[in-house]
Amino acid sequence: MSNPKHTRPKGTQDFVPPRAEQKSKVEDVFRHLAERFGFQEIVIPTFEYTDVFVKSSGTGSDIVTKEMYTFKDRADRSLTLRPEGTGGVVRAVLENRLRIPCRLYYLGPYFRYGRPQKGRFREFFQLGVEALGEASPLVDAETILFGDEFFRELGISDCITRLNSIGCRNCRPAYQHKLVEFLSSHKDRLCSECQLRLKHNPLRVFDCKQEQCQAVLKDAPKPGDYLCPECSRHFKAVQASLDKQGLRYELNGRLVRGLDYYNRTTFEFVSSKLGAQDSIGGGGRYDYLVEDFGGPQTPAIGLAIGLERTMLAMGEKEQARRRLAFVVWMGDAELDEAQKVLARLRAQGIPAQMDYDAHRMKHQFKSADAAGASCCVIIGADELAKGVYSLKDLTTGRQIQVPVSELIGTVQKLIRAQSVATRR
RNA sequence: GUGAGUGUAGCUCAACUGGUUAGAGCACCUGACUGUGGCUCAGGAUGUUGGGGGUUCAAGUCCCCUCACUCACCCCA
C-alpha cells in the first residue's frame with residue numbers, strides 16, 4: 001500500500017474481478033427490467049456544455065456551485081463532466097427531435113467533486129429512466145413500482161420507499177413563504193445551524209435532532225397541508241395507485257431532493273445497510289424542465305439509481321466457483337490432445353483454460369483451484385490408452401472417467417449443477 | 001468546502017510510560033507427495049513502519065508539514 005507508483009485519483013474506484021462481474025449483472029437486470037417497462041436505451045455524451053447542467057440542476061444547487069468538474073477545451077468552450085443524467089437526456093430529446101411521449105433509460109458514469117465517503121464517489125455509476133410526456137399520476141406510481149421491482153429482483157429486502165409531494169409553481173412558494181415566516185418568528189428558539197438552514201433550505205429544519213427545534217416545529221405549517229387542489233389530487237392518486245398495487249411506502253414531508261427541477265411527486269429508496277448516505281435511488285416529476293430547455297410544455301418524471309450504493313445494499317456474496325473448466329495434462333505426450341480438448345470445450349461455449357507453464361500436475365491443479373475453476377478435465381497416459389478422460393469436480397473432489405464422446409455433455413451438466421447449487 | 005479518525009509484510013493486526021536485530025495469523029513459495037487442488041506436517045521468503053523534516057544518546061512510538069485512505073457534516077446516487 002505504501003509503494004505503488006501510480007494510484008487512482010481520489011474518489012474513483014477499480015472494479016476488480018468479482019466486483020466487475022457483479023456490476024454488469026446489476027446492469028443486466030436493470031436493462032431487462034427497463035425494457036419490460038417500455039423504456040428504450042439512450043446513450044449520450046459524458047460531458048456537455050456547462051450551461052446544460054446549470055440549466056437543469058439550477059444555479060443555486062450544490063451540484064452547480066461546488067460539485068461540478070468543469071474545464072475549458074482548447075477552443076475555450078466551457079465543458080462539464082456530467083453530474084446527473086436528466087439534463088443531458090432532455091437536451092438530447094430536443095436536439096434529436098424525438099417524438100414525445102417517449103420512455104428512455106440510460107446507464108454510465110457520472111462525476112461530482114466532493115469529499116468521498118461511504119457510498120459517495122467522485123466518479124460513480126447511475127442507472128436511470130425518464131418518461132417524457134406523460135402526466136398521469138399513474139405514471140408516477142409506475143416509476144416507483146419500477147424502482148421497487150428492480151431492488152426486489154436483486155434481493156434487496158430491507159429497502160424502504162419514501163414519498164412526498166413538493167407541490168407546483170403555485171403552491172410551493174406559498175408554503176415556503178409560510179414556513180419561513182413561521183420559523184423566523186421563533187428564530188431565537190432555533191439552534192444556530194437551523195438559523196442558517198432557515199436561509200437556504202428551510203425544509204431541512206424538520207430534520208434537526210435538537211429538542212428545542214423539534215418543539216418549535218410542533219406548531220409549524222405542515223408541507224402536506226398547503227398543496228393546491230390539483231397537486232393534492234395528483235398526490236392522492238399516486239398513493240391510491242401504490243396502495244392498489246400493494247406497494248408499501250412512507251410519507252415523508254421533508255423529502256425535498258436537491259435538484260431545482262423537481263415538482264409534485266418526489267421519492268427515494270433507502271437501505272439501512274449503507275451508513276449516512278442511505279439513499280440508493282431517487283427521483284421525481286419535473287414538469288417544467290423541457291419547457292425551460294426551450295421545448296414544448298411537457299410533463300415528465302424520472303428515476304436515478306446509484307449503482308455502487310445498490311451493490312452495497314446487496315451485501316457481499318459468497319465467492320462462488322466460476323463457470324470454468326480447467327484442462328490438466330500430464331506431459332508433452334498429452335499436450336496436443338489437451339489443446340484439442342480445450343478447443344472443443346470452447347467451441348461448445350464452455351469457458352476453458354489450461355496452464356501451459358506448469359509441468360507438474362500438482363501445479364496445474366493449484367492453478368485450477370486458484371482460478372476458481374469448477375472442474376478439471378484430466379488427460380494422462382492412462383486416459384489416452386483407454387480412450388477416456390478423467391473429470392474431477394473441484395467442489396466435491398470426486399473424480400470419474402468419461403468416454404471421449406461424452407465429455408462435453410458431462411462437463412456441461414456438471415457446471416450447470418454447480419451454478420444452481422451456489423445460487424441458493 | 002468543514003470536522004474527526006487511521007496509515008506497520010500481499011491481507012488482518014501486535015510491539016508496555018521512546019530503548020538492542022519490528023512480530024503473529026492468514027495468504028505465498030518449497031518439500032513430505034515425479035498422476036491430483038482444498039486438509040495435515042516440516043521448512044522458507046517478505047518490510048524505505050505512507051513520505052519529508054524536527055526533538056533526542058536513541059523514534060514505529062513525541063512534534064511539525066505533506067500525501068493517502070476512512071467516517072461524518074453539507075448535500076446527494
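The shown structure was predicted, so the numbers you read here are calculated from the model rather than taken from an experiment. In this convention, every chain numbers its residues from 1, walking through the sequence in written order. Labels are handed out in written order, letters beginning with A for the chains and numbers beginning with 1 for the ligands. Owing to the predicted nature of the model, reporting of local features is limited to residues with pLDDT of at least 70; listing and counting of side-chain atom pairs is limited to 80 or more, with chain, interface and lining totals taken over all residues. Calculated side-chain values reflect all of the structure's heavy atoms, with hydrogen atoms and water omitted.

Right, let's get into the overall build of chain A. The helix and strand inventory of chain A stands at 15 helices and 16 strands. Taken along the three principal axes of its C-alpha coordinates, chain A extends 95 × 55 × 50 Å. Relative accessible area decides the class of each residue, using a 1.4 Å probe on protein chains only: under 20% of the type maximum gives buried, over 50% gives exposed, and in between gives partly exposed. Per-residue burial for chain A yields a buried fraction of 48% across its 424 residues. Contacts are assigned to residue pairs that have any heavy atoms within 4.5 Å of one another. In chain A, the share of contacts with a sequence separation of at least 24, taken over all contacts with a separation of at least 6, comes to 68%. Accessible surface is estimated by sampling points in the Shrake-Rupley manner with a 1.4 Å probe; for residues, cover comes only from the protein chains shown. By element, 49% of the accessible surface of chain A is carried by carbon and sulfur atoms, the whole surface being about 22,700 Å². Separation between the mean location of the 63 positive side-chain charges and that of the 53 negative ones in chain A comes to 2 Å. By definition, any uninterrupted DSSP run of H or I lasting at least four residues is a helix, any uninterrupted run of E lasting at least two residues is a strand, and each is numbered from the N terminus. For this count, His and the chain ends are skipped, Lys and Arg are scored as positive, and Asp and Glu as negative. Charge placement uses NZ in Lys and CZ in Arg. For Asp and Glu, CG and CD serve respectively.

Another aspect to go through is the pattern of salt bridges. Salt bridges are identified by distance alone: a Lys or Arg side-chain nitrogen within 4 Å of an Asp or Glu carboxyl oxygen. Counting across every chain of the model gives 17 salt bridges. Across the pair Arg-8 and Asp-14 runs a salt bridge, and its minimum N-O distance is 3.0 Å. We classify Arg-8 as partly exposed; its relative accessible area is 49%. Across the pair Lys-72 and Asp-76 runs a salt bridge, and its minimum N-O distance is 4.0 Å. Both residues of the pair, Lys-72 and Asp-76, count as exposed.

Attention shifts here to the sheet that holds strand β14 (residues 375–379). DSSP bridges decide pairing: two strands pair if at least two such bridges lie between them. One open sheet accounts for 5 strands, arranged β13-β12-β14-β15-β16; its pairing is mixed. Two strands in the sheet have a free side with no partner beyond their single neighbour: β13 (352–354) and β16 (399–403). If you compare each strand with its neighbour and ignore which way they point, the axes differ by 30° on average. With 3 bridges connecting them, strand β12 (residues 325–329) and β13 associate as parallel partners. Every axis in this analysis is a line fitted to C-alpha atoms, fitted for helices over the stretch in contact. Angles between the N-to-C directions lie between 0 and 180 degrees.

Another aspect to go through is the packing of aromatic side chains. Stacked, tilted and edge-to-face are the three classes applied to pairs of Phe, Tyr and Trp rings, where Trp contributes its six-membered ring and a pair requires centres within 6.5 Å; stacked means planes under 30 degrees apart, edge-to-face means over 60, and tilted covers the rest. This structure, assessed with the given rule, holds 15 aromatic pairs. Through a chain of ring-to-ring contacts, three or more aromatic side chains come together here, namely Phe-30, Phe-37, Phe-39, Tyr-105, Phe-146, Phe-150, Phe-151, Phe-267 and Phe-269. Whether a charge lies above a ring is judged from NZ of Lys or CZ of Arg, which has to be within 6 Å of the ring centre and within 35 degrees of the ring normal. When the ring centre of Phe-125 is taken as reference, the NZ or CZ atom of Lys-23 above it lies at 4.4 Å. Directly above the aromatic system of Tyr-288 lies the positively charged group of Arg-169, at a separation of 3.7 Å from the ring centroid.

Considered domain by domain, chain A is made up of domain 1 (19–171 + 227–314), domain 2 (172–223) and domain 3 (325–423). Throughout the structure description, domain borders are defined by an automatic or database domain assignment. For domain 1 versus domain 3, the distance between C-alpha centres works out to 47 Å.

Here we have 8 strands laid out as an open sheet, ordered β1-β5-β6-β11-β10-β9-β7-β8, and mixed in their pairing. Taken across any chain shown, the strands that pair with only one partner, and hence form the sheet edges, are β1 (40–41) and β8 (250–251). One ladder, built from 2 bridges, connects strand β7 (residues 159–165) with β8; its direction is parallel. Each residue of the ladder has a partner; that of Leu-163, found in β8, is Leu-251. Helix-sheet contacts for helix α4 (residues 86–95) involve β5 (102–111) and β6 (123–132), and the interaxial angle to β5 is about 135°.

Another aspect to go through is the UniProt feature "binding site: L-histidine" (unreviewed entry) in chain A. Within this numbering scheme, the UniProt entry marks Glu-84, Gly-85, Thr-86, Arg-112, Gln-126, Glu-130, Arg-257, Tyr-261 and Tyr-262 as carrying the feature "binding site: L-histidine" (unreviewed entry). Mapped onto the elements of the fold, Thr-86 is located in helix α4. Residue class for Thr-86 comes out buried when judged on its relative accessible area of 6%. Non-local contacts of Thr-86, meaning those with residues more than four positions away in its chain, are made with Tyr-106, Glu-130, Tyr-261, Tyr-286 and Leu-289. Tyr-262 sits in the buried class, given a relative accessible area of 7%. Those residues in contact with Tyr-262, other than ones at most four positions away along the chain, are Ile-166, Arg-172, Arg-257, Gly-283, Gly-284 and Arg-285. UniProt positions are given in the numbering used here, feature names are shortened, and annotations may be inferred rather than shown by experiment.

Glancing now at the packing of helix α1 (residues 17–36) against helix α5 (residues 137–153). Think of two packed helices as two axes; the pair is described by the angle between the axes and how far apart they sit. Axis separation between α1 and α5 bottoms out at 10 Å; the angle between their running directions is 145°. Crossing of α1 over α5 shows right-handed handedness. Residue-level inspection shows Val-26, Val-29, Phe-30, Leu-33, Ala-34 and Arg-36 of α1 in contact with α5, the latter providing Phe-146, Glu-149, Phe-150 and Glu-153. By convention the crossing between two helices is left-handed if the near helix lies anticlockwise of the far one by an angle smaller than a right angle, and right-handed if it lies clockwise.

Relative to the helices and strands, Glu-27 resides in helix α1. Residue Glu-27 is classed as buried on the basis of its relative accessible area, which comes to 15%. Apart from residues lying up to four places away in sequence, Glu-27 is in contact with Leu-107, Leu-127 and Leu-307.

What a helix is expected to span follows from its residue count: subtract one and scale by 1.5 Å. Across its 20 residues, α1 extends 29 Å between first and last C-alpha, which sits within 8% of the 28 Å expected from 1.5 Å per residue. For α1, the complete set of buried residues consists of Gln-22, Lys-23, Val-26, Glu-27, Phe-30, Leu-33 and Ala-34. Down the axis of α1, the smallest arc covering the buried residues is 135°, so these residues share one side. Along α1, the residues that are exposed and aim more than 90 degrees away from the buried face are Pro-17, His-32 and Arg-36. On the buried face of α1, the contacting elements are β5, β6, α5, β11 (300–306) and α11 (307–314). One or two residues past the end of α1 sits Gly-38, with phi positive at roughly 90°. Here, the arc refers to the directions that run from the helix axis to the C-beta atoms.

The term nonpolar core refers to a set of buried residues drawn from Ala, Val, Leu, Ile, Met, Phe, Trp, Tyr and Cys, joined through side-chain atoms within 4.5 Å. Counting 45 residues, the largest nonpolar core has Phe-146 and Phe-150 as its most contacted members. Counting 26 residues, the second largest nonpolar core, distinct from the first, contains Val-52, Tyr-106, Leu-259 and Ala-300.

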